[in-house]
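# Structural description and commentary
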Amino acid sequence: METLSYLLQILRPEVLLFIAAGTLGGLIIGALPGLTATMGVALLIPLTFGMDPVIGLNMLIGIYIGGIYGGCISSILLRTPGTPSSAATLLDGYPLAQKGEAGKALGMATIASFVGGIIAAIVLATLAPQLASIALEFGAPEYFALALFGLTIIASLSGDMLKGAIAGALGVLISTVGADPISGASRYTFGVSGFAGGFSFTPALIGLFALSEVFVQIERIFADKVKPLTVARTYPSRGEIRQSMSAMLRGSLIGTIVGIIPGTGSGTASWISYNEVRRASKTPEKFGTGHLPGIAATESANNAVCAAALIPLLALGVPGDVVTAVLMGGLMIQGLAPGPVLFESRPDLIVGIFGGTFMATIFMLVFGLLGIPLFSRILLIPKRILTMCIVAFCFIGSFAINLNLVDLYTMVGFGILGWGMQKFGFSQAALCIALILGPMAEANLRRGLLQTRDNVFEFVSGPITMLFLGLTLLSVAVPLVRSIRGRRRLADQSRY
């Protein structure tokens, strides 16, 4: 009966109003390039001081969930990732928008986000303490093996394995710019103090995908190759939703697992999910051309991370990702210490957070579906005007993060790099994955070897490490075997 009374507090009008406002605000923040969910939560934490803890914390969770989902809007419509977690969504979302099916792409993203969020919220409410204890088993070797496994996605995403490997190696090289993760010494900064912390990731992402697309569109505008787009106000059919259901479930599972592991985040989850769904598909060649299961895979995964990342935060006091690290400040402002004691001292708050996570996910679904016709009309803006607006968003979004001019140089540099990669057939996705996972792999490899005194066998001896290393070998071997078989078939056909 007590649990029921705790849940009923979520249904109070003022609580629902703040959750809805937080979710809608997060959606808007996530849709604007450069304004991340982390920034939204950080900016509004002071407002929660003096609020009822259930109201204040659930408003912040609403911003988190809405912000992660909102990134898909600009990603699909403008090829401009609103948040780093939505970068993988543009691979299939943007091609669908170019075909005039932006409504269908946004509808699938919204439904997949809801499914991923609800599944992870159920896991949060039922298995939080048990699953959080598993996350504590991850040390430096396990994180390195996970990052290495993630880097093998490059082989699957790139049609040309050699070009994919070159793009991945370039991404890893770029990620080494800045302070050494162990000694703190500066590397490859060439005396520019603004690069001491490495390239800022969000401006790099905006340049790589958004500004590079601007350069491509400018070429087409001057060549008079731009055709006006039409927007069909269609939602995914029941058949298309059923077709994408396995991708949603797989993405939800991957997002939940990755979210529980501290220090990973939704960007890693979305890329791993996209790769695994593509690998399991009977038609992998459709991915990257406007395939709905590709959208379902990424959006279900990155939204599942939201609820899953709360598991180690609430159960152990260990933030699951950057946003929950900021959210931890919201708990402390209320005079609360996350961890096992919180479950005993404030069960009403814990149950309230569980219920608030469900409600924020439902509000995200409602706002997303109702807003699709409005969002889609962005594509009806003349291409020249839209291109100028995208350029303005790129510069404003990149500068607003740190108010640093160096971030603008970073964005422009990566824009030119991304444009060149498109021109010569190199995978921008491969470079993006390497930028995310390269620092994680390097730091944990060196930290782990220091802990084991350079004993490689001890470093890889853990069962979780061996599992991920085995998956890594399998992930590399499968594309190679397929490539060899394809060449043999072509050779056999040429004989006849």
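Before reading on, note that the structure itself is shown above.
Criteria and cut-off values
Residues numbered from 1 in each chain as written. Predicted model: local features only at pLDDT ≥ 70, side-chain atom pairs only at ≥ 80, totals over all residues. Heavy atoms only, no water. Phe/Tyr/Trp six-rings, centres within 6.5 Å; stacked < 30°, edge-to-face > 60°. Helix = DSSP H or I, 4+ residues; strand = E, 2+ residues; numbered from the N terminus. Buried < 20%, exposed > 50% of the residue type's maximum accessible area, 1.4 Å probe, protein only. Polar contact = N/O pair within 3.5 Å; in protein donor to acceptor, adjacent residues only side chain to side chain. Contact = heavy atoms within 4.5 Å. Patch = residues over 30% accessible without salt bridge, like charges linked within 9 Å, V, L, I, M, F, W, Y side chains within 5 Å. Areas by Shrake-Rupley, 256 points an atom, 1.4 Å probe, with all protein chains shown as cover. Salt bridge = Lys/Arg side-chain N within 4 Å of Asp/Glu carboxyl O.

### Some words on the packing of aromatic side chains
Evaluated as defined, the whole model comprises 6 aromatic pairs. Considering the side-chain rings of F144 and F459, the 5.7 Å spacing of their centres and the 55° angle between planes classify their relative orientation as tilted. Of this pair, F144 sits in helix 7 (residues 140–151) while F459 is found in helix 21 (residues 456–459), placing the two residues 315 residues apart along the sequence. For F144, a relative accessible area of 14% puts it in the buried group. Given a relative accessible area of 4%, F459 falls into the buried group.

### Quick word on the side chain of T110
Within the secondary structure layout, T110 lies in helix 6 (residues 102–135). At a separation of 2.6 Å, a polar atom in the side chain of T110 contacts the side chain of Y69. Once you skip the residues sitting within four places of it in the chain, T110 turns out to touch Y69, M364, L365, G368, L369 and I372.

### Some thoughts on a nonpolar patch on the surface
Taken together, L170, L173, Y188, F190 and V192 make up a surface patch of nonpolar side chains, about 550 Å² in accessible area. Turning to its location among the elements, L173 is positioned in helix 9 (residues 161–175).

### Section: the side chain of T89
Here T89 shows up in the loop between helix 4 (53–78) and helix 5 (90–98). In this structure T89 comes out as buried when scored by relative accessible area, which is 0%. Leaving out residues up to four positions away in the same chain, T89 has contacts with C72, S75, I76, I295, T298, E299 and N302.

### A few points about unusual backbone geometry
Look at R453: it is not a glycine, yet its phi comes out positive at around 55°. Checked against the element boundaries, R453 lands in the loop between helix 20 (428–451) and helix 21. By relative accessible area, R453 is classed as exposed at 78%. In this model, D454 sits at a positive phi of 65°, which is unusual for a non-glycine residue. Inspection of the secondary structure puts D454 in the loop between helix 20 and helix 21. The exposure class of D454 is exposed, given its relative accessible area of 58%.

Read these as spatial facts, not as claims about activity.
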